[in-house]
Amino acid sequence: MNNIKAVLQYDGTEYHGWQIQPGRRTIQGVLTEALSQLDQRPVIVHGAGRTDAGAHAEGQVANFFLSRRWATADLIRAINACLPRDIRVVEASPVDPLFHARFDAKAKTYRYRFYLGRVVSPFLYRYVYPCFYPLNVSRMQEACSLLLGKHDFAAFSSRSQERSTTIRVITEITLVESDHMLELCVTADGFLRAMVRRLAGTLQEVGRGRMSLEQVAALLHHDPAVEAGPTLPAQGLTLLRVDY
């Protein structure tokens, strides 16, 4: 059996996220079906992380075992021939049998895109969150600096979060504006459910003047009097890369 590490890109608009769910179309589910068809046996797919329903990926990583040996280019072509056009394998190579896409990951980087223009192009609307009011980007960047480092991000996770710890380390967080686009990029050793979307919602509130820097800091110290910003829609979220 050959352990294969694959890098995937996908438009998540038509999918209920990464993870297999009964009766729902998911990225992992479609990929599992394609690989099982290709290898003519049930194939189990392990992903680096669970992207939300409607979220996208430019650098999702998965691993799976195949019984047949393939040349790299032939394997990529064969897998993509079995997949819908909104999911593509862009890299695939054999790795150590012990490699695991999720457990060996050291960091992940997500991007959240705000569109600040008055009209959203039909070529963009699936991949951005339209923001039709002015934002104080400098103030939002100040708030980003508060989030950098090791903190308890429980306030930025969904209520159904089931983790042994909600402490995460953000090693890099940037907010860059250009051509009507405001891009938030966050790199961390791990993410809680909906964490990036709620971080984006909180920064949006700061930009609108509806939340202070002091309130952002209070969120990291479990101040019950302060609530994080809204969980923004998933179409603006993209998993950019996974580091090992």
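Residues numbered from 1 in each chain as written. Predicted model: local features only at pLDDT ≥ 70, side-chain atom pairs only at ≥ 80, totals over all residues. Heavy atoms only, no water.

(A) Structural detail: the overall build of the chain. A tally of helices and strands in the chain yields 5 helices and 10 strands. For the chain, the C-alpha radius of gyration of 19 Å lies close to 18 Å, the compact-globule estimate for 244 residues. Counting the 244 residues in the chain, one finds 51% classified as buried. Partitioning the contacts of the chain with sequence separation of at least 6, the portion at a separation of at least 24 is 72%. (Helix = DSSP H or I, 4+ residues; strand = E, 2+ residues; numbered from the N terminus. Rg over C-alpha atoms; globule rule 2.2 N^0.38 Å. Buried < 20%, exposed > 50% of the residue type's maximum accessible area, 1.4 Å probe, protein only. Contact = heavy atoms within 4.5 Å.)

(B) Local environment of the packing of helix α3 (residues 137–147) against helix α4 (residues 195–207). Direction vectors running N to C along α3 and α4 enclose 140°, while the axes themselves pass 8 Å from each other. Here α3 is positioned oblique relative to α4, judged by the angle of their axes. Judged by the sense of rotation from one axis to the other, the crossing of α3 with α4 is right-handed. Contact residues: Arg139, Met140, Ala143, Cys144 and Leu147 in α3; Leu199, Leu203, Gln204, Val206 and Gly207 in α4. Here the contact of α3 with α4 is composed, by residue class, of 7 nonpolar, 2 polar and 1 charged. (Axes fitted to C-alpha atoms, helices over the stretch in contact; angles between N-to-C directions. Parallel < 35°, antiparallel > 145°, perpendicular 65-115°, else oblique. Left-handed = near helix turned anticlockwise from the far one by under 90°. Nonpolar A, V, L, I, M, F, W, Y, C, P; charged D, E, K, R; others polar.)

(C) Region of the structure containing the pattern of salt bridges. Taken as a whole and assessed by the stated rule, the structure comprises 11 salt bridges. Residue Arg126 pairs with Asp11 through a salt bridge whose shortest N-O separation is 3.6 Å. Here Asp11 lies in the loop between β1 (2–10) and α1 (27–39) and Arg126 lies in the loop between β5 (107–115) and β6 (129–130), a separation of 115 residues in the sequence. The exposure class of Asp11 is buried, given its relative accessible area of 14%. Each of the salt bridges in this network shares a partner with another, and the network as a whole consists of Asp11, Glu14 and Arg126. (Salt bridge = Lys/Arg side-chain N within 4 Å of Asp/Glu carboxyl O.)

(D) The pairing of β1, seen in detail. Among the 9 residues in β1, 7 count as buried, and that is most of the element. The pairing of β1 with strand β3 (residues 56–66) spans 8 bridges and is classified as antiparallel. By the bridge assignment, Asn2 is partnered in β3 with Leu66. Alignment of β1 against strand β4 (residues 87–94), held across 7 bridges, turns out to be antiparallel. Its bridge partner being in β4, Val7 is matched across the sheet by Glu91. (Pairing = 2+ DSSP bridges.)

(E) Quick peek at unusual backbone geometry. Its identity as a non-glycine residue notwithstanding, Ala194 has a phi of 65°, on the positive side. You can see Ala194 is positioned in the loop between β9 (181–188) and α4. The exposure class assigned to Ala194 is buried, which follows from its relative accessible area of 13%. Unlike most non-glycine residues, His222 shows phi in positive territory, near 60°. Within the fold, His222 resides in the loop between α5 (213–219) and β10 (237–243).

(F) Up close: α3. Those residues of α3 that fall on the buried side of the exposure criterion are Val137, Met140, Ala143, Cys144 and Leu147. End-on, the buried residues of α3 take up no more than an arc of 110°, which puts them together on one face. Where α3 is buried, its residues meet β7 (149–152), β8 (167–178), β9, α4 and α5. Of the residues one or two after α3, Gly149 is the one with positive phi, at around 105°. (Arc of directions from axis to C-beta.)

(G) Highlighting the environment of Thr109. Position of Thr109 relative to the elements: it lies in strand β5. Separated by 133 residues in the primary sequence, Thr109 and Val242 have C-alpha atoms spaced 6.5 Å apart. Beyond its immediate chain neighbours, meaning those up to four positions away, Thr109 contacts Val186, Thr187, Thr238, Leu239, Leu240 and Arg241.

(H) Examining the packing of aromatic side chains more closely. This structure, assessed with the given rule, holds 7 aromatic pairs. Ring plane angle 65° and centroid distance 5.4 Å describe the contact between Tyr112 and Phe114, whose orientation is recorded as edge-to-face. Note on accessibility: Tyr112 and Phe114 belong to one class, buried. By way of ring pairs, the aromatic residues Tyr112, Phe114 and Tyr129 are connected into one cluster. When the ring centre of Trp70 is taken as reference, the NZ or CZ atom of Arg68 above it lies at 3.8 Å. Looking at Arg208, its charged tip hangs above the ring of Tyr133, at a distance of 3.8 Å from the centre. (Phe/Tyr/Trp six-rings, centres within 6.5 Å; stacked < 30°, edge-to-face > 60°. Lys NZ or Arg CZ within 6 Å of the ring centre and 35° of its normal.)

(I) How the structure looks around the nonpolar core. Counting 72 residues, the largest nonpolar core has Leu31, Phe64, Tyr112, Leu147, Phe156, Ile170 and Leu184 as the members making the most contacts within it. The element that contributes the greatest number of residues to this core is α4, accounting for 6 residues. Setting aside residues no more than four positions away along its own chain, Phe156 makes contact with Leu147, Arg193, Ala194, Met195, Arg198, Leu199, Thr202, Leu219, Leu220 and Ala228. (Core = buried A, V, L, I, M, F, W, Y, C linked by side-chain atoms within 4.5 Å.)

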